[in-house]
Amino acid sequence: MLGLLIEFLPFSAVADTLRIATYAAPLSRDGPGLLARDLIQRDDPQIAAIVAVIDGVRPDILLLTDFDYDLDGVALAAFAARFGGRYPHQYAARPNTGLQTGLDMDRNGKIGQPRDAQGYGRFAGDGGMAVLSRFAIGKVRELSGLLWRDLPGAVLPVLNGAPFHTDDMLAVQRLSTSGHWIVPIDLADGVLHILAFSATPPVFDGPERRNALRNRDELRLWEALLDGVFGAVPDRFIIAGNANLDPVDGAGDRAAMAAFLARPDLQDPMPGTKTAHWPNDDGPGQLRVSYVLPSVAWRLADAGVAGPAAADALAVDLGPHRLVWVDVMQ
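Bear in mind the structure is a predicted one, so any value in this text is a computation, not a measurement.

Caption draft 1: Broad picture of the nonpolar core. Counting 31 residues, the largest nonpolar core has Y23, I54, F67, F79 and L323 as its most contacted members. Every element with two or more residues in this core is listed here: β2 (18-23), α1 (34-41), α2 (45-57), β3 (61-67), α3 (74-81), β5 (128-133) and β16 (323-329). No other element matches the 7 residues that α2 contributes to this core. Apart from the residues within four sequence positions on either side, Y23 is in contact with I50, V53, I54, L62, L63, L64, T65, L318, H321, R322 and L323. By size, the runner-up hydrophobic cluster in this structure holds 27 residues, among which are L146, W148, A224 and F260.

Caption draft 2: Structural detail: empty space enclosed by the protein. Under the criterion given, the structure shown has 2 cavities of 30 Å³ or more. The space that makes up the largest cavity amounts to roughly 50 Å³. Each residue belonging to the lining of the largest cavity can be placed in one class, and the counts come to 8 nonpolar, 2 polar and 2 charged. A volume near 30 Å³ is recorded for the second largest cavity. Lining the second largest cavity, in full, are F197, L219, I239, A240, G241, A243, M257, F260, Y291 and L293. Elements represented by at least two residues in the lining of the second largest cavity include exactly β11 (237-242), α6 (254-261) and β14 (290-294).

Caption draft 3: Looking closely at the pairing of β16. The element β16 is largely enclosed, with a buried count of 7 among its 7 residues. Relative to β16, β2 runs antiparallel, the two sharing 5 bridges. Bridge pairing in β16 places I20 opposite V326. Bridge count between strand β15 (residues 299-308) and β16: 7 bridges; the pairing is antiparallel. Its bridge partner lying in β16, A303 is registered against V326.

Caption draft 4: Representation of the sheet that holds strand β9 (residues 180-187) in the model. Spatially, 5 strands are ordered β6-β9-β10-β11-β14 in an open sheet, and the strand pairing comes out mixed. A single partner strand is all that each edge strand has here, and the edge strands are β6 (141-142) and β14. Note that β9 and strand β10 (residues 190-198) share 8 bridges and pair antiparallel. Counterpart to W181 in the pairing with β10 is A196. Most of the contacts of helix α5 (residues 210-226) go to β10, to which it runs at about 155°, and overall it touches β6, β9, β10 and β11.

Caption draft 5: Molecular detail of the packing of aromatic side chains. Taken as a whole and assessed by the stated rule, the structure comprises 5 aromatic pairs. Between Y91 and W181 the ring centres are 5.0 Å apart and the planes differ by 85°, which places this aromatic pair in the edge-to-face class. Pair noted here: Y91 is in strand β4 (residues 89-91) and W181 is in strand β9, with a separation of 90 residues, a long-range link. Each member of the pair Y91 and W181 is classed as buried. An aromatic cluster is defined as three or more aromatic residues linked by ring pairs; in this entry it consists of F67, F79, F83 and Y87. The aromatic ring of W325 is capped on one face by R19, whose charged end is 4.0 Å from the ring centroid. Residue placement shows R107 over the ring face of F164; its charged tip is 5.1 Å from the ring centre.

Thresholds, definitions, all that
- Residues numbered from 1 in each chain as written.
- Predicted model: local features only at pLDDT ≥ 70, side-chain atom pairs only at ≥ 80, totals over all residues.
- Heavy atoms only, no water.
- Core = buried A, V, L, I, M, F, W, Y, C linked by side-chain atoms within 4.5 Å.
- Buried < 20%, exposed > 50% of the residue type's maximum accessible area, 1.4 Å probe, protein only.
- Helix = DSSP H or I, 4+ residues; strand = E, 2+ residues; numbered from the N terminus.
- Contact = heavy atoms within 4.5 Å.
- 1 Å grid on protein atoms, 1.4 Å probe; cavity = no way out; pocket = protein on both sides within 12 Å on 5 of 7 lines; lining within 4 Å.
- Points joined across faces, edges and corners; volume = space filled by probe spheres on them.
- Nonpolar A, V, L, I, M, F, W, Y, C, P; charged D, E, K, R; others polar.
- Pairing = 2+ DSSP bridges.
- Axes fitted to C-alpha atoms, helices over the stretch in contact; angles between N-to-C directions.
- Phe/Tyr/Trp six-rings, centres within 6.5 Å; stacked < 30°, edge-to-face > 60°.
- Lys NZ or Arg CZ within 6 Å of the ring centre and 35° of its normal.

Quick look at the structure:
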């Protein structure tokens, strides 16, 4: 049985809470259909280890931010089946990752490559998002089709004093790397809205800072939503996902993340807690990149991060990310 290491933050235990989690578990494969194959065969040790991590936390609602999408939902249904009926409700939509634009978006002289897609992806659906829930999911509102240029105050990449993207590129380039979803969850006492996203890493680009600027604006989309730019703000919401941005360390606009965490309409249950670890010899070390941020309408009960125990991590590669969870109550 896979061991589990769970770190708790200093909240008192409270009964009848709702547990929300996000996990950038490595559930993406090298081609379309391969994740569904591995899940159906049920003999992949990495998947078994991921299931064990989730089983150890038992969230009521879980957002996965590196899960390959398939049109018929075969992979997601097979993954949900690993939890014995705990998650009868699932949601996934076609992500922007791997959705080709037909243009040379990175301006390297070639088209049809992963960086020419709406969001980096080796194939359509590569590393998308998925929601598992104990409770019914209502009609999801997506902001994933918003063009980057149409975000109020968008800061677009510039190279040598000129726009990096042509007008044709800007006319198709979406802001969301994977997606921005507003997911209504039907609870006994009303509706909870999960604001789900998975942003691009603010690295792997050139002097135009295409990824760094996009990463910042993917966070700003939520700022615009919470400021009422896209209509009424949900009464009870929780932002969840992989912002790929640490407020203190690493690359990207750290000050932007710090300012976002300090918004008066949000609560930060675990300031300073690192949620991922890339080895220092070829990576940035420990960073906080995944978040579960309740609105002030909720009372915090508990929070933490979870991952495999050290001995198990040596046997199975679960990638750099850990599961992040928060318990809330009304």
